[in-house]
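Summary of the model geometry
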Amino acid sequence: MSDVLLTQDNDGVRSLTMNRPESFNALNVELKVALTAALREAAADDSIRAVVLAGAGRSFCAGQDLKEHIALLEADDPSPLRTVEEHYNPLIRAVATMPKPIIAAVGGSAAGAGASLAFACDLRIASADAKFLMAFANVGLSTDTGASWTLPRLIGYGRAMELLLLAEPVGADEALRIGMVNRVVEAGQATEAAGELAARMATGPTSAYARIKETMRAAAAEGLDEALDVEAGAQIEAGRTADHREAVSAFVAKRNPDFTGH
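Now for a look at the structure at hand. (Residues numbered from 1 in each chain as written. Predicted model: local features only at pLDDT ≥ 70, side-chain atom pairs only at ≥ 80, totals over all residues. Heavy atoms only, no water.)

In terms of helices and strands, the chain carries 11 helices and nine strands. For the C-alpha atoms alone, the extent of the chain along its principal axes is close to 65 × 40 × 35 Å. When the 262 residues of the chain are sorted by exposure, 45% land in the buried category. Excluding contacts between residues fewer than 6 apart, the proportion of contacts in the chain whose partners are at least 24 apart in sequence is 68%. Roughly 13200 Å² of accessible area belongs to the chain as shown, and the carbon and sulfur atoms make up 54% of that amount. Of the charged side chains in the chain, 24 are positive and 35 negative, and the gap between their average positions amounts to 5 Å. (Helix = DSSP H or I, 4+ residues; strand = E, 2+ residues; numbered from the N terminus. Buried < 20%, exposed > 50% of the residue type's maximum accessible area, 1.4 Å probe, protein only. Contact = heavy atoms within 4.5 Å. Areas by Shrake-Rupley, 256 points an atom, 1.4 Å probe, with all protein chains shown as cover. Lys, Arg positive; Asp, Glu negative; His and termini not counted. Charge placed at Lys NZ, Arg CZ, Asp CG, Glu CD.)

The subject of this paragraph is the sheet that holds strand β5 (residues 109–111). Strand order in the open sheet formed by three strands is β5-β7-β8, with mixed pairing between adjacent strands. Bordering the open sheet on either side are β5 and β8 (170–171), each of which pairs with just one other strand. Alignment of strand β7 (residues 131–133) against β8, held across two bridges, turns out to be antiparallel. Within β8, the residue paired with F132 across the bridge is V170. Relative to the sheet, helix α4 (residues 113–120) contacts β5 and β7, its axis offset from that of β5 by approximately 95°. (Pairing = 2+ DSSP bridges. Axes fitted to C-alpha atoms, helices over the stretch in contact; angles between N-to-C directions.)

The next point concerns the sheet that holds strand β2 (residues 13–18). Read across the open sheet, the six strands follow the order β1-β2-β3-β4-β6-β9; overall the sheet is mixed. Looking at which strands have only one partner, the edges of the open sheet turn out to be β1 (5–10) and β9 (183–185). Averaged over all neighbouring strand pairs, the angle between strand axes comes to 20°, with direction disregarded. Where strand β3 (residues 50–55) meets strand β4 (residues 102–106), three bridges bridge the pair, whose relative direction is parallel.

This paragraph deals with the pairing of β2. Within β2, five of the six residues are buried, which leaves it mostly tucked inside the rest of the structure. Relative to β2, β1 runs antiparallel, the two being bridged by six bridges. Paired with Q8 across the two strands is S15, which belongs to β2. Hairpin connection of β1 to β2: two residues between the antiparallel strands, including D11 at a positive phi of 50°. Bridge analysis of β2 against β3 gives six bridges, and the strand direction is parallel. Along β3, the bridge assignment pairs M18 with G55. In this fold, β2 hands off to helix α1 (residues 29–44), which returns the chain to β3; that crossover is right-handed. (Right-handed = clockwise from strand over helix to strand, strands pointing away.)

Residue position: C121 is located in the loop between α4 and β6 (123–127). C-alpha separation for the pair C121 and A105, spaced 16 residues apart in sequence, amounts to 9.9 Å. Ignoring anything within four residues of it in the chain, the contact list for C121 reads L53, V95, I102 and A104.

Our focus in this paragraph is unusual backbone geometry. Excluding glycine, residues mostly have negative phi values, and the peptide bonds linking residues are mostly trans. Despite not being glycine, F24 has its phi angle at roughly 55°, a positive value. The topology assignment puts F24 in the loop between β2 and α1. With phi around 55°, K254 is a residue other than glycine that occupies positive phi space. Within the secondary structure, K254 is located in the segment after α11 (242–253). Judged by relative accessible area, K254 falls into the exposed class, the value being 79%.

Another aspect to go through is the layout of surface pockets. For the largest pocket, the calculated volume is near 810 Å³. Lining the largest pocket are 27 residues, with A120, C121, D122, W149 and R217 sitting closest to its centre. Elements with a contribution of two residues or more to the lining of the largest pocket: α3 (83–96), α4, β6, α5 (147–155) and α9 (206–221). Grouping the amino acids of the lining of the largest pocket by side-chain chemistry returns 16 nonpolar, five polar and six charged. (1 Å grid on protein atoms, 1.4 Å probe; cavity = no way out; pocket = protein on both sides within 12 Å on 5 of 7 lines; lining within 4 Å. Points joined across faces, edges and corners; volume = space filled by probe spheres on them. Nonpolar A, V, L, I, M, F, W, Y, C, P; charged D, E, K, R; others polar.)

As structure tokens, then:
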């Protein structure tokens with residue numbers, strides 16, 4: 001694993017930490033490739049039942065590494081933004097299709113693609129000093145990293161349009177109020193809080209979580225009839241799992257269920 005991305009496993013939780021603190025964890029090609037590969041690996045590993053995504057140092061992620069981008073512009077690269085198709089799109093698909101919960105631990109700044117990466121996660125824990133900035137317009141660019149899809153679904157079309165067009169920062173308390181994040185904790189505590197929540201979810205019904213995510217994605221993009229069909233199929237599959245049988249048995253016996261994720 002590249003040293004731009006740190007990986008740690010603890011009782012079914014895999015923590016992925018973007019590790020370029022000197023550049024506020026800006027996303028260069030090396031980090032994007034490493035992160036996408038790590039997410040796919042976590043998705044395929046049955047021993048991993050929850051994922052935490054964090055940033056080293058004082059920031060979560062400053063977005064695209066502009067130094068790398070400027071170098072492409074100065075070299076008259078014919079397609080300086082091909083990274084959107086080559087790296088950002090696969091990265092967000094890896095997050096969105098993760099068949100287990102993925103929690104973003106946002107401390108400090110999350111800007112542009114960095115903020116969008118957090119929005120693609122299932123849950124967001126922000127520290128009190130967190131600040132989100134949809135900075136695309138500031139550098140004369142449109143949206144990428146899934147922001148046009150994820151942000152309106154979190155905070156509504158009108159507010160998302162405002163943040164994208166005006167590029168005004170959103171602090172942690174405001175982010176909580178408008179639904180951009182799920183919880184706010186003390187400064188410096190986001191990673192720890194996300195880890196505690198992930199540890200709790202790692203003992204939960206992983207297979208059910210995967211199907212909940214599947215139905216939510218379908219409902220976000222389809223009509224009611226299509227969503228009902230997806231729900232029916234997912235529920236049939238969930239009803240066949242060992243976790244469902246264990247939960248029912250535990251309910252009848254008035255004990256806590258022992259989920260295995262299968």
